[in-house]
Amino acid sequence: MPPGSAPTNGTRAHIIAFFRFAPAPVPGQWRTALRTSLVMAVSILVITAIAGLDVGPMALFGSLIALWNTGQPLRSRIRTFSAVACVLPGSMALGVLISPLPWLMAPALATVTLVAVALYYAFMVEQGPGPLNTFFACALGAYLGSHTDKAWDIVLVTLCSALLTGLLSFTDLAVRPRHPERSAVAAARSAVDAYTRLPAHSDGPSEEPLLTARDHATRAVHRAWGVLHPAQAHNAASAGHRALADELLHTESRLAHRLVADHFPGIVAGYAETRDSHVGRPVPRRLLRHALDRHSPARLTAGRNALSAGAAVLIAQLVGIGHPYWAVLSSAVVLHSGAARDFTLRRALHRVLGTLLGVVVIAGVWYLGPTRSEQVVILLIGVYGMNLLLSRQYTLAVIAVTAMATMANTASSPGSAVGDLFADRIVETLLGCSLALVVLWTTGRRGPRTAQVRQYHRTVDAIARLLACSDQGDLASSEARHARRDVAYERERHNEMLIRALADDPALAAWLPADRALGHLAHDALAAVWHPDAATALSAGAARDVLLLTRRTPEPRATDPVDAARVVAAVKKTRGTLRAGRTTLNRRRMSIPSISCSPPA
């Protein structure tokens with residue numbers, strides 16, 4: 001291979017990825033984008049008609065609540081919308097309050113950012129739009145409070161817009177009242193169908209598709225119960241909800257039979273669940289404890305965003321830039337997702353290029369002298385462009401975002417200030433993206449590997465609790481159901497964290513065999529729940545003891561192949577012990593720490 005060919009190929013791959021126009025994430029995505037844009041447009045137009053063209057276009061910010069959690073059932077959506085409808089205007093109001101104290105802006109914004117990002121990644125188990133608007137609102141409020149006498153009017157507009165948009169976002173449930181639940185159950189059925197169609201378990205290269213399908217099926221069923229469960233209390237008497245729960249029970253029964261057949265060949269599952277026996281996602285205190293763990297990805301992402309946001313405001317104040325909140329927004333766009341460095345670098349370049357092109361486009365439009373009403377129309381076109389392109393081509397999406405954001409600002413700006421507005425947009429985008437990249441490359445270098453090992457131990461604890469339930473024959477209790485949920489949840493997090501971290505730290509490839517072995521053991525434990533003769537044919541208590549012995553060894557390093565091999569050997573020994581039949585180990589001699597079937601407080 002000629003010198004330099006590998007870097008050239010790598011550079012070419014990055015260039016292709018940068019300009020790639022991704023396929024639609026779901027069929028008919030343009031319809032979803034249109035529905036979301038219509039909801040936002042109605043809210044913006046109504047608020048503008050009431051509040052006037054001076055402050056009405058700023059209803060754009062409150063209308064962004066339409067992007068939150070739209071795939072969830074009614075009760076979950078109400079909780080999410082209620083929280084966001086309070087946080088967005090509340091954060092903006094806090095910014096207005098601290099605006100007379102410039103020295104307080106940087107530390108206050110850093111604190112708000114730290115809290116907002118940590119809480120978002122603690123409780124948003126499903127996909128969402130990200131936490132950036134929750135703390136960007138504070139930076140925007142601080143600017144408004146010191147530059148216009150209409151700051152509180154804009155806070156009120158934001159509150160009204162958020163409430164109106166939230167109400168309008170429920171209209172899809174009026175037409176299709178159980179669409180989120182049906183979609184989740186259909187996805188689970190499809191995933192289980194794909195898994196059960198594959199040939200039986202076998203070692204070798206052909207095993208990979210089976211393992212992928214198995215993990216996907218388990219995850220889809222787990223998530224479907226997470227969607228159905230929140231609505232269970234109030235819809236228990238609903239025939240539609242009962243039918244969906246029964247369909248999901250049938251789907252899970254098929255999954256159980258296939259898991260038992262794969263993990264305990266020759267055994268037929270004894271599946272006996274009821275629609276009232278399932279639990280939802282982990283309790284809030286547990287999610288919060290994980291997010292606040294010293295080495296958690298959520299804490300690292302929150303720290304990076306807080307440092308970048310505080311520095312952006314401080315530098316903007318020292319230099320005298322006119323709109324420092326744009327620098328905060330640009331840094332947050334780059335950092336808020338906690339993605340790998342390569343992806344984050346591309347996102348920063350997308351942001352800069354899209355902003356430059358967007359400013360050129362809007363400058364050309366502005367040269368034509370649009371009226372204020374025409375500016376609102378351009379804003380709404382930008383809203384649809386953002387919703388349509390955000391998941392497909394980020395540079396084009398940023399052009400639309402720049403158009404809608406600039407129109408919202410210029411609607412109340414005098415003509416003489418427009419040139420400065422465009423210049424500030426470019427300068428602050430460069431500042432925010434540069435700060436974000438500096439923070440990204442100078443913090444958390446060892447974060448992915450440390451977080452991976454911590455997540456490994458949490459997954460081991462969850463599996464050990466489920467094995468304890470199997471050992472006690474206590475599989476119908478709420479504690480056992482919580483243990484099953486925790487095994488599925490922690491195993492999924494272990495796999496997702498590793499896949500994301502690999503792009504950031506290629507040395508973590510050494511941990512791939514450990515992840516695969518842990519996946520086998522997790523599904524062994526889940527399948528053992530449906531083993532009809534688990535009490536005599538399996539040795540869950542001894543397997544739990546062998547698994548907990550790994551706690552007595554030195555802390556493994558995720559990037560060390562020797563440590564990964566030791567973890568794989570320990571997990572394989574645990575699996576072998578589970579299948580060995582009912583045995584008794586000398587627990588006093590080995591000093592095995594006891595572990596209860598009950599989840600930790």
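Residues numbered from 1 in each chain as written. Predicted model: local features only at pLDDT ≥ 70, side-chain atom pairs only at ≥ 80, totals over all residues. Heavy atoms only, no water.

**Student:** Lay out the overall build of the protein with the relevant residues and their values.
**Tutor:** When you go through the protein residue by residue, the secondary structure sums to 25 helices and zero strands. Partitioning the intrachain contacts of the protein with sequence separation of at least 6 by distance along the chain shows that 82% fall at a separation of at least 24. Just so you have it, the protein exposes about 26,100 Å², and 64% of that area is on carbon and sulfur atoms. (Helix = DSSP H or I, 4+ residues; strand = E, 2+ residues; numbered from the N terminus. Contact = heavy atoms within 4.5 Å. Areas by Shrake-Rupley, 256 points an atom, 1.4 Å probe, with all protein chains shown as cover.)

**Student:** Account for the side chain of Ser-331, with residues named and values stated.
**Tutor:** Looking at where Ser-331 falls in the secondary structure, it is placed in helix α14 (residues 324-335). Those residues in contact with Ser-331 that lie beyond four places of it in its chain are Ser-308, Ala-309, Gly-432, Cys-433 and Ala-436.

**Student:** Hey, could you go over the side chain of Ser-296 for me, with residue numbers and the actual values?
**Tutor:** Summarising the element assignment, Ser-296 is placed in the loop between α12 (284-291) and α13 (297-319). On the basis of relative accessible area, Ser-296 is assigned to the buried category, the value being 4%. Excluding its chain neighbours within four sequence positions, the residues that come into contact with Ser-296 are His-290 and Ala-291. (Buried < 20%, exposed > 50% of the residue type's maximum accessible area, 1.4 Å probe, protein only.)

**Student:** So what's going on with the packing of aromatic side chains? Residues and values would help.
**Tutor:** The tally for this structure, following the rule as stated, stands at seven aromatic pairs. With a centroid separation of 5.4 Å and an interplanar angle of 50°, the aromatic rings of Tyr-325 and Trp-326 are classed as tilted. Each member of the pair, Tyr-325 as well as Trp-326, is classed as buried. Linked through ring pairs, Phe-61, Phe-136, Tyr-143, Tyr-325 and Trp-326 together constitute an aromatic cluster. Lying over the aromatic face of Tyr-195, Arg-258 brings its terminal NZ or CZ to 5.0 Å of the ring centre. (Phe/Tyr/Trp six-rings, centres within 6.5 Å; stacked < 30°, edge-to-face > 60°. Lys NZ or Arg CZ within 6 Å of the ring centre and 35° of its normal.)

**Student:** Account for the environment of Ala-309, with residues named and values stated.
**Tutor:** The residue Ala-309 is located in helix α13 in this model. According to the relative accessible area criterion, Ala-309 is buried, its value standing at 1%. With near-sequence residues (within four places) excluded, Ala-309 lies in contact with Leu-109, Thr-113, Val-328 and Ser-331.

**Student:** Outline the nonpolar core, listing residues and values.
**Tutor:** Judged by nonpolar contacts, the single largest core of 81 residues is most densely connected at Leu-60, Phe-61, Met-92, Phe-135, Leu-140, Val-328 and Leu-379. Residue contributions to this core peak at 10 residues, all from helix α6 (residues 132-147). Not counting the four nearest positions on each side in its chain, Leu-140 is found in contact with Met-58, Phe-61, Met-92 and Tyr-325. (Core = buried A, V, L, I, M, F, W, Y, C linked by side-chain atoms within 4.5 Å.)

**Student:** Lay out the confidence of the model for the protein with the relevant residues and their values.
**Tutor:** Of the residues in the protein, 87% have a pLDDT of 70 or more, and the chain-wide mean is 82. Confidence drops under a pLDDT of 50 for residues 1-8, and excluding neighbours within four residues, the segment shows one contact in the predicted structure. Across residues 583-591, confidence stays below pLDDT 50; counting only partners more than four residues off in sequence or on other chains, it has 13 contacts. (pLDDT = per-residue confidence, 0-100.)

**Student:** Describe the packing of helix α4 (residues 74-98) against helix α7 (residues 151-168), naming the residues involved and giving the relevant values.
**Tutor:** Between α4 and α7, whose axes approach to 9 Å, the crossing angle comes to 175°. Compared by their axis directions, α4 and α7 come out roughly antiparallel. On α7, the residues touching Phe-81, Ala-85, Pro-89, Met-92, Ala-93, Val-96 and Leu-97 of α4 are Ala-151, Trp-152, Ile-154, Val-155, Thr-158, Leu-159, Ala-162, Leu-163 and Gly-166. Per-class residue counts for the contact of α4 with α7 are 14 nonpolar, two polar and no charged. (Axes fitted to C-alpha atoms, helices over the stretch in contact; angles between N-to-C directions. Parallel < 35°, antiparallel > 145°, perpendicular 65-115°, else oblique. Nonpolar A, V, L, I, M, F, W, Y, C, P; charged D, E, K, R; others polar.)

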